[in-house]
Structure formats: C-alpha cells, structure tokens
Amino acid sequence: QVQLVESGGGLVQAGGSLRLSCAASGMIYSINDMGWYRQAPGKQRELVAIITSGGSTNYPDSVKGRFTISRDNAKNTVYLQMNNLKPEDTAIYYCNADIRIHSRVVTQIYWGQGTQVTVSS
C-alpha cells in the first residue's frame, strides 16, 4: 500500500558531502513525522534526524551542525543533506515516515529498504 524508496548513498571521502532522498508513494492520505535512521555493523539503529509535518527538526549531537533534514510535502519526499562526513558516519541509512493511508483512520510507521553510506578516511 505504501512504499518508501531511498536513493543517494555511496562512497565518499572524509570531509565530503552526500544528499539522500526518500520518496513515499502509494495510497497516502497524509504524512506526519519523517525521519532518517542509521545502523552500523554490530550497532543498534539510531536516530539521525527527524522533521515534523510543520517543518520542525531535531538532531542528535553527533550530527548536529553537519546534517540537515528537509521535506517536500508536495512530493512526499524527505531529504538528508550530509556535510563534513566522518568515517564514523558509515552505516546503512533508513528513512521512515508516519503515514495515514486512505482506508484507515490510524497512522502507521513505514520504512525504506536502506541505502549504504561509506566514508573513507
């Protein structure tokens, strides 16, 4: 019913930049919060950035000042601009979204398939 498709991952040198995109499609009525998470090998998945439907954002200290989350509500798309990347940013990055579909009153969290980001030193 709903798909989230990420793009934009890849290999970059330390200090470089990448921009991730995540487009939601399907029987979407509305989208509340959208976010980015990451999971490095042997570690738990962690929040990277979150943005509300009104545009308020929140970041953990580890990425604050380097990462910027934004969204285009007309396109049901969320972006993550990552600058000054560090080797410790290497992980699989997942987007998620809190979505209400047309046939339901309650919302549900949907996840993308993940995109690999590798930062070399």
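Preceding this paragraph is the structure being described.
Computed from a predicted structure; not experimentally measured.

Peer 1: Mind showing me how you'd approach the nonpolar core here?
Peer 2: Soluble globular proteins: nonpolar side chains tend toward being buried together. By size, the foremost hydrophobic cluster in this structure holds 32 residues, and its most contacted members are L4, W36, L80, M82, Y93 and I99. Secondary-structure elements contributing two or more residues to this core are β1 (2-7), β3 (18-26), β4 (28-39), β5 (46-51), β7 (67-72), β8 (77-82), β9 (91-101) and β11 (115-120). Sorting elements by how many residues they give to this core places β9 first, with 6 residues. Non-local contacts of L4, meaning those with residues more than four positions away in its chain, are made with C22, A23, A24, C95, N96, A97, I99, Y110, W111, G112 and Q113.

Peer 1: Could you clarify how one ought to interpret the state of the cysteines in this entry?
Peer 2: In a disulfide, the sulfur atoms of two cysteines are covalently bonded to one another. The tally for this structure, following the rule as stated, stands at 1 disulfide. Residue pairing for C22: its cysteine sulfur links by disulfide to C95, the two sulfurs lying 1.9 Å apart. On the sign convention where negative means left-handed, the S-S torsion of about 45° between C22 and C95 marks this disulfide as right-handed. A residue pair is termed long-range when its members are at least 10 positions apart, and C22 in strand β3 and C95 in strand β9 qualify at 73 residues. For the pair C22 and C95, one class covers both residues: buried.

Peer 1: Would you explain the sheet that holds β7 in this entry?
Peer 2: Hydrogen bonds along the backbone pair up the strands of a sheet, which may run parallel or antiparallel. The 4 strands lie next to each other as β1-β3-β8-β7, forming an open sheet whose pairing is antiparallel. Each edge of the open sheet is held by one strand with a lone partner, namely β1 and β7. In this sheet, neighbouring strand axes are inclined to one another by 15° on average, regardless of whether the strands run parallel or antiparallel. Here β7 runs beside β8; their pairing, made up of 6 bridges, is antiparallel. Pairing of D72 across the sheet is with T77, part of β8.

Peer 1: Where do I start with unusual backbone geometry in this structure?
Peer 2: For residues besides glycine, phi is generally negative; the peptide bonds are generally trans as well. One non-glycine residue, N76, lies in positive phi territory at about 55°. Even without being glycine, N84 reaches a positive phi, approximately 50°. The topology assignment puts N84 in the loop between β8 and β9. Using a relative accessible area of 42% as the deciding quantity, one classes N84 as partly exposed.

Rules of the game
- Residues numbered from 1 in each chain as written.
- Predicted model: local features only at pLDDT ≥ 70, side-chain atom pairs only at ≥ 80, totals over all residues.
- Heavy atoms only, no water.
- Core = buried A, V, L, I, M, F, W, Y, C linked by side-chain atoms within 4.5 Å.
- Buried < 20%, exposed > 50% of the residue type's maximum accessible area, 1.4 Å probe, protein only.
- Helix = DSSP H or I, 4+ residues; strand = E, 2+ residues; numbered from the N terminus.
- Contact = heavy atoms within 4.5 Å.
- Disulfide = S-S within 2.5 Å.
- Pairing = 2+ DSSP bridges.
- Axes fitted to C-alpha atoms, helices over the stretch in contact; angles between N-to-C directions.

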